[in-house]
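Residues per chain, in single letters:
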Amino acid sequence: MSASNHASAFVLPATDADGRKNLVGLSREELEAEMLSIGLEKFRARQLWHWLYHRGSTDFAEMTTLAKPVREKLADAYIVARPTVVKDLKSADGTRKWLLRMPDGQEVESVHIPEEDRGTLCVSSQVGCTLTCRFCHTGTQRLVRNLDSAEIVAQVMLARDMLGEWPAPPDGRMLSNIVMMGMGEPLFNYDNVAKALKIVMDGDGISISKRRITLSTSGVVPMMERCGQELNVNLAVSLHAVTDELRDIIMPINRKYPLRELMEACRNYPGLSNARRITFEYVMLKGINDTPADARALVKLLEGVPAKINLIPFNEWPGAPYERSTAKAIQVFGDIVNNAGYASPVRTPRGEDIMAACGQLKSASLRLTAAERAAIANVIAEKDAALAS
Ligand code: SAH
Ligand code: SF4
């Protein structure tokens, strides 16, 4: 298995039907090269960056700091594309979910979770996921492809469109934080994720700082250090089990990168301190990983790692093989972890009425037939075989 790209190779069409190229998702250097390629000066790239990523403009005619002939030249050669919004769902608790269609017809979801004076966008990195964590609905999807940098940045830009935050206010933004916790394993699509996050972090544009970005990984050990060195964003690790025996079953990636290697990579994650901890996500599965003994083993496993623990009540989906732990079990588990000195907030499920919770994205709201269950079992078996090879 190649750690950087396990999904099928896929190249989006480089141009639209009129032969115009999308400017979203290009690095500053690439944008400069584009300007030179159509006979414009390099500094035009800086002006464009401001319009694209600070003002959120999609229409060259609006870009009034550029002379009219320049705007016309740009409009002939380029577009500033957004994905098509197929669904825009709003939960009773304010959570919003957007189903976005990409030019090849593939769909991904982003979720916005508002809080008092801030808000977090949950961004997808792949269509589907090559891994098959047993509790995660995304793992049951057959189709998998990487999103390119444009498609990742576009999720953030589209959320800003929908929230009316161009240009974004310096304080009290409703899109203030980003979590790479949507569909897909971001460290299997590292190059595109890195390129996109560099654009998102750029202070002259979207300007969301690395302190407000969290990347969640199932534990792609060989990519973790590079992620820390190059992006230095906050890291979240989906742990979910404290023994290899259980983790091998519920998270097949553990067979490649077992707990000892994962914990070693966590200890070595660049820039860790008490003020900057790794978040360990732990989904609470009834009767599977939620006993007091599991909690004590978790505390022991995390020894020496600056850590926070995020307890996630399992979000059930049709056909899921597990149930959510009882409130009592979650509380007892959380108390043990807290008493050991770790912050361990229980994640409040948000947006449940629009199926916007973790691991439920794009899941059907209907009961499954026996044939559908068998089809899911097949997908899991196929992907597991691919992982093992
Ligand atoms: N692939 C990455 C990021 C996406 S998943 C990863 O696995 O970390 C984001 C988080 O939601 C992970 O911690 C994942 O384990 C968790 N999750 C998946 N399905 C879930 C479910 N049904 N209920 C609760 N959490 C779930
Ligand atoms: Fe993929 Fe993460 Fe879901 Fe596992 S939990 S199947 S790695 S998206």
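Residues numbered from 1 in each chain as written. Chains lettered and ligands numbered in written order. Predicted model: local features only at pLDDT ≥ 70, side-chain atom pairs only at ≥ 80, totals over all residues. Heavy atoms only, no water.

*Asks:* How do you make sense of the overall build of the protein chain when you look at a structure like this?
*Replies:* Regarding its fold elements, the protein chain presents 11 helices and 13 strands. Whereas a compact globule of 389 residues would reach a radius of gyration of roughly 21 Å, the protein chain reaches 21 Å, a difference of no more than 12%. The dimensions of the protein chain, computed from C-alpha atoms along their principal axes, are 70 × 50 × 45 Å. Scored against the burial criterion, the 389 residues of the protein chain give a buried share of 54%. In the protein chain, 68% of the contacts between residues at least 6 apart in sequence involve partners at least 24 apart. Of the accessible surface of the protein chain, which amounts to about 16700 Å², a share of 51% is contributed by carbon and sulfur atoms. The protein chain carries 47 positive and 47 negative side-chain charges, and their two centres are separated by 2 Å. (Helix = DSSP H or I, 4+ residues; strand = E, 2+ residues; numbered from the N terminus. Rg over C-alpha atoms; globule rule 2.2 N^0.38 Å. Buried < 20%, exposed > 50% of the residue type's maximum accessible area, 1.4 Å probe, protein only. Contact = heavy atoms within 4.5 Å. Areas by Shrake-Rupley, 256 points an atom, 1.4 Å probe, with all protein chains shown as cover. Lys, Arg positive; Asp, Glu negative; His and termini not counted. Charge placed at Lys NZ, Arg CZ, Asp CG, Glu CD.)

*Asks:* Just checking my understanding: could you explain the confidence of the model for the protein chain for this structure?
*Replies:* For any part of a model where pLDDT is low, the fine detail of the predicted coordinates should not be relied upon. When pLDDT is averaged along the protein chain, the result is 91, and 93% of the positions lie at 70 or above. Contacts for the low-pLDDT stretch residues 1-5, under 50 throughout, to residues beyond four places or in other chains number 19 contacts. (pLDDT = per-residue confidence, 0-100.)

*Asks:* For this particular structure, what's the right way to read the pattern of salt bridges?
*Replies:* Proximity of charged atoms lets side chains of opposite charge pair with each other. Counted by the stated rule, this structure contains 22 salt bridges. The closest approach of N and O atoms between Arg20 and Asp18, which form a salt bridge, is 3.6 Å. Arg20 sits in the partly exposed class, given a relative accessible area of 24%. On the basis of relative accessible area, Asp18 is assigned to the exposed category, the value being 60%. Among the ionic pairs, Glu281 bridges to Arg347, the shortest N-O distance being 3.5 Å. Highlighted residues: Glu281 in strand β12 (residues 278-284) and Arg347 in the loop between α10 (327-339) and α11 (370-388), separated in sequence by 66 residues. When salt bridges with common partners are traced through the structure, they connect Asp16, Asp18 and Arg20 into a single cluster. (Salt bridge = Lys/Arg side-chain N within 4 Å of Asp/Glu carboxyl O.)

*Asks:* What's the story with the packing of helix α1 (residues 28-37) against helix α2 (residues 44-54) in this structure? I'm lost.
*Replies:* Two quantities define a packed helix pair, namely the angle between the axes and the distance from one axis to the other. The contact between α1 and α2 brings their axes to 8 Å, and the two run at 120°. Judged on the interaxial angle alone, α2 and α1 are oblique. Note that α1 runs across α2; the crossing there is right-handed. Here α1 contributes Arg28, Leu31, Glu32 and Met35 to the contact with α2, which in turn contributes Arg44, Ala45, Arg46, Leu48 and Trp49. When grouped by side-chain class, the residues that make up the contact of α1 with α2 number 5 nonpolar, no polar and 4 charged. (Axes fitted to C-alpha atoms, helices over the stretch in contact; angles between N-to-C directions. Parallel < 35°, antiparallel > 145°, perpendicular 65-115°, else oblique. Left-handed = near helix turned anticlockwise from the far one by under 90°. Nonpolar A, V, L, I, M, F, W, Y, C, P; charged D, E, K, R; others polar.)

*Asks:* Even after reading the chapter, I still don't get the sheet that holds strand β9 (residues 177-180), so can you show me in this structure?
*Replies:* Think of a sheet as strands paired side by side through backbone hydrogen bonds, with each pair either parallel or antiparallel. Overall, mixed pairing links the 9 strands, which are arranged β3-β4-β5-β6-β9-β10-β11-β12-β13 in an open sheet. Looking at which strands have only one partner, the edges of the open sheet turn out to be β3 (84-90) and β13 (307-313). Averaged over all neighbouring strand pairs, the angle between strand axes comes to 20°, with direction disregarded. Across the sheet, helix α5 (residues 190-201) is in contact with β9 and β10 (213-217); its angle to β10 comes to roughly 165°. (Pairing = 2+ DSSP bridges.)

*Asks:* How should I be thinking about the packing of aromatic side chains in this particular structure?
*Replies:* Within a pair of aromatic rings, the relevant descriptors are the distance that separates the centres and the angle that separates the planes. In total, this model carries 2 aromatic pairs according to the counting rule given. The ring of Trp49 carries the charged tip of Arg28 above its face, separated from the ring centre by 4.6 Å. (Phe/Tyr/Trp six-rings, centres within 6.5 Å; stacked < 30°, edge-to-face > 60°. Lys NZ or Arg CZ within 6 Å of the ring centre and 35° of its normal.)

*Asks:* Would you mind going over unusual backbone geometry with me for this structure?
*Replies:* For residues that are not glycine, phi is negative in most cases, and the peptide bond is trans in most cases. Looking along the chain, the bond that leaves Trp166 and enters Pro167 is cis, with omega of -15°. Examined against the element boundaries, Pro167 turns out to sit in the loop between α4 (149-163) and β9. Although it is not a glycine, Ser207 sits at a positive phi angle of roughly 60°. You can see Ser207 is positioned in the loop between α5 and β10. Although it is not a glycine, Asn232 sits at a positive phi angle of roughly 55°. By the element assignment, Asn232 lies in the loop between α6 (221-230) and β11 (234-238).

*Asks:* Is there a simple way to think about the site of ligand 1 in this case?
*Replies:* Contacts to ligand 1 come from 19 residues, most closely from Gly184, Ser216, Ser238, His240 and Asn315. Within the side chain of Ser216, an N or O atom sits 2.7 Å from an oxygen atom of ligand 1. Between ligand 1 and Glu281, the relevant distance is 3.0 Å, taken from an oxygen atom to a side-chain nitrogen or oxygen of the residue. Looking at the shell around ligand 1, the elements that each hand over two or more residues are β10 and β12. Classifying every residue of the shell around ligand 1 gives 8 nonpolar, 9 polar and 2 charged. (Near = heavy atom within 4 Å. Polar contact = N/O pair within 3.5 Å; in protein donor to acceptor, adjacent residues only side chain to side chain.)

*Asks:* I keep staring at the pairing of β12 and nothing clicks. Help me out?
*Replies:* Consecutive side chains along a regular strand alternate between the two faces of the sheet. Of all 7 residues in β12, 7 are buried, a share of seventy percent or more. Both faces of β12 are covered, namely the face carrying Ile278, Phe280, Tyr282 and Met284 and the face carrying Thr279, Glu281 and Val283. Where β12 and β13 come together, 7 bridges link them in parallel fashion. Counted as the bridge partner of Ile278 is Ala307 from β13.

*Asks:* It is not clear to me how α10 should be interpreted in this structure. Could you clarify?
*Replies:* Because each turn of an α-helix spans 3.6 residues, side chains separated by three or four positions in sequence point in the same direction. Counted at 1.5 Å a residue, the expected span for α10 with its 13 residues is 18 Å, and the 18 Å between its end C-alpha atoms agrees. Of all the positions in α10, only Ala329, Ile330, Phe333, Gly334 and Val337 are classed as buried. Taken around the axis of α10, the buried residues stretch over an arc of 130°, which confines them to a single face. Along α10, the residues that are exposed and aim more than 90 degrees away from the buried face are Ala327, Lys328 and Asn339. As for α10, its buried residues are in contact with β12, α9 (292-301) and β13. Following α10 by one or two positions, Gly341 has its phi on the positive side, about 95°. (Expected span 1.5 Å × (residues − 1). Arc of directions from axis to C-beta.)

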